[in-house]
Amino acid sequence: MTSRTTVGPAIADLDRRHDALLVFDIDEVVLHFIAPFCELLAEHGARLHFDSFRLTGNVRSLSTGAALTGHALDGITAQLYAEQEQRQTAVDGVIEALERLGEIADILFLTAMTPTFYPERRRLLDGAGLRWPMIATERAKGAFLFDAKARWTGPVAFVDDLPPNLEGVRRSAPDVSLVHLMADPQFRAHLPLLPSSTFEAANWSQAETILRGIVEGDVSRG
Ligand SMILES: [Mg+2]
């Protein structure tokens, strides 16, 4: 049996100041991922072709045209995470939006980034003014939302760029409102179908409006 690592605070230990909770994925939601990944690919002599919504098979060598293997992509992703403080930056508007949303709801970052890179990511977030608690986990995100829903009595929303993560939360914690946000517009064009009643935000300004509506009880389903 493989163990699935989690680093960060337990849901039960998080401060609860508000009735509402907003949970955010980090890569492609809070921090740019695709853009710095493409820059790193170029350094490795490869390029991401935005032909469909996946990385494997779409990253090809510039010299031979051959697709990079999953193993090679894993290595490049690990390099990006190891060097994230030099390579990944905050998505436009996220800091201001979270400052305002933090006045009406508690905020939690929930990332599937390899948990061994937790210290690098914590420093990067803190340096950018994104001081909210973070859990990095290899477990399914739905389990955390299920536990959170038991502690927060008000509205709970989950924001992610990847449809399977939204779908997993819909199954495990059906009362949680779902919001799709993806920083990179090229990849967004190939987005598979989102779970029904998912809100779609094209940027942080739209996401903030949607999330405020959820917290204030105006809407819960997209
Ligand atoms: Mg993501």
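Since this is a predicted model, take the numbers as computed values, not measurements. (Residues numbered from 1 in each chain as written. Predicted model: local features only at pLDDT ≥ 70, side-chain atom pairs only at ≥ 80, totals over all residues. Heavy atoms only, no water.)

(A) How the structure looks around the sheet that holds strand 1 (residues 6-7). The strand order across the open sheet built from 7 strands is 1-6-5-2-7-8-9, with neighbouring strands paired in mixed fashion. Only two strands of the sheet have a single partner each, and these edge strands are strand 1 and strand 9 (199-201). Two strands pair when backbone bridges link them, and strand 2 (residues 21-24) and strand 7 (residues 156-160) are joined in this way by 4 bridges, in the parallel orientation. Looking across to strand 7, one finds that leucine 21 is bridged to valine 156. Lying on the sheet, helix 6 (residues 141-151) is in contact with strand 1, strand 2, strand 5 (106-111), strand 6 (134-137) and strand 7; it crosses strand 7 at an angle near 160 degrees. (Pairing = 2+ DSSP bridges. Helix = DSSP H or I, 4+ residues; strand = E, 2+ residues; numbered from the N terminus. Contact = heavy atoms within 4.5 Å. Axes fitted to C-alpha atoms, helices over the stretch in contact; angles between N-to-C directions.)

(B) Up close: the coordination of the magnesium ion. Distances from the magnesium ion to its protein donors, namely Asp25 (OD), Asp27 (O) and Asp161 (OD), fall within the range 2.0 to 2.2 Å. In the primary structure, the donors to the magnesium ion are separated according to the pattern D-x1-D-x133-D. Here aspartate 27, found in the loop between strand 2 and helix 1 (34-43), pairs with aspartate 161, found in the loop between strand 7 and helix 7 (163-172); they are 134 residues apart in sequence, far enough to count as distant. With respect to class, aspartate 27 is no different from aspartate 161; both count as buried. (Donors = N, O, S within 2.8 Å, 3.2 Å for Na, K, Ca; no water. Buried < 20%, exposed > 50% of the residue type's maximum accessible area, 1.4 Å probe, protein only.)

(C) Just the packing of helix 1 against helix 2 (residues 70-82), in detail. Direction vectors running N to C along helix 1 and helix 2 enclose 115 degrees, while the axes themselves pass 10 Å from each other. Helix-helix and strand crossings are classified by hand; for helix 1 and helix 2 the assignment is right-handed. Of helix 2, the residues touching helix 1 (which contributes Pro36, Phe37, Leu40 and Leu41) are Leu73, Ile76, Thr77, Gln79 and Leu80. (Left-handed = near helix turned anticlockwise from the far one by under 90°.)

(D) Summary view of the side chain of threonine 198. Within the secondary structure layout, threonine 198 lies in the loop between helix 8 (185-188) and strand 9. Among the polar contacts made by the side chain of threonine 198, one reaches the main-chain carbonyl oxygen of proline 195 at a distance of 2.7 Å. Not counting residues within four places of it along the chain, the set of residues in contact with threonine 198 comprises Leu166, Leu178, Val179, His180 and Gly222. (Polar contact = N/O pair within 3.5 Å; in protein donor to acceptor, adjacent residues only side chain to side chain.)

(E) Region of interest: the pattern of salt bridges. What the rule picks out here adds up to 15 salt bridges. Its salt-bridge partner being glutamate 99, residue arginine 131 comes within 3.1 Å of it at the nearest N-O pair. Taken together, the residues arginine 131 in the loop between helix 5 (118-127) and strand 6 and glutamate 99 in helix 4 (residues 94-101) connect sequence positions 32 residues apart. The salt bridge partner of arginine 171 is glutamate 167, with a shortest N-O separation of 3.5 Å. Taken together, the residues arginine 171 and glutamate 167, both in helix 7 and 4 residues apart, mark about one turn of the helix. Judged by its relative accessible area of 61%, arginine 171 is exposed. (Salt bridge = Lys/Arg side-chain N within 4 Å of Asp/Glu carboxyl O.)

(F) Layout of helix 1. Restricting attention to buried positions, one finds in helix 1 the residues Ile34, Pro36, Phe37, Leu40 and Leu41. Angularly, the buried residues of helix 1 cover 165 degrees about the axis, an arc narrow enough to put them on a single face. Exposed and oriented more than 90 degrees from the buried face of helix 1 are Glu39 and Glu43. Once helix 1 finishes, glycine 45 follows within two positions and takes phi at roughly 70 degrees, a positive value. (Arc of directions from axis to C-beta.)

(G) Inspection of the pairing of strand 6 at higher detail. What you see with strand 6 is no split at all: Met134 and Ala136 on one side and Ile135 and Thr137 on the other are buried throughout. Sheet analysis places strand 1 next to strand 6, joined by 2 bridges and oriented antiparallel. Looking across to strand 6, one finds that threonine 6 is bridged to threonine 137. Where strand 5 lies against strand 6, 3 bridges are found, and the strand directions are parallel. Directly across from phenylalanine 109, in strand 6, lies its bridge partner methionine 134.

(H) Up close: the environment of serine 205. As for its position among the elements, serine 205 is in helix 9 (residues 204-215). Looking at serine 205, the relative accessible area reads 52%, which means it is exposed. C-alpha of serine 205 to C-alpha of leucine 178: the two residues are 27 residues apart in sequence and 16 Å apart in space.

(I) Inspection of the layout of surface pockets at higher detail. A volume near 830 Å³ is recorded for the largest pocket. Surrounding the largest pocket, 36 residues form its lining, Phe33, Thr77, Tyr81, Ala112 and Leu162 being those nearest its centre. Elements that contribute at least two residues to the lining of the largest pocket include exactly helix 2, helix 6 and helix 7. The leading source of residues in the lining of the largest pocket is helix 2, at 6 residues. Counted by class, the lining of the largest pocket contains 16 nonpolar, 10 polar and 10 charged residues. If you count residues domain by domain, the lining of the largest pocket takes at least three from each of domain 1 (6-32 + 88-221) and domain 2 (34-86). The space that makes up the second largest pocket amounts to roughly 230 Å³. Forming the walls of the second largest pocket are 14 residues, and the residues nearest its centre are Arg17, Asp106, Ile107, Trp132 and Pro133. Among the elements that line the lining of the second largest pocket, the one with the most residues is strand 5, at 3 residues. (1 Å grid on protein atoms, 1.4 Å probe; cavity = no way out; pocket = protein on both sides within 12 Å on 5 of 7 lines; lining within 4 Å. Points joined across faces, edges and corners; volume = space filled by probe spheres on them. Nonpolar A, V, L, I, M, F, W, Y, C, P; charged D, E, K, R; others polar. Domains from an automatic or database assignment.)

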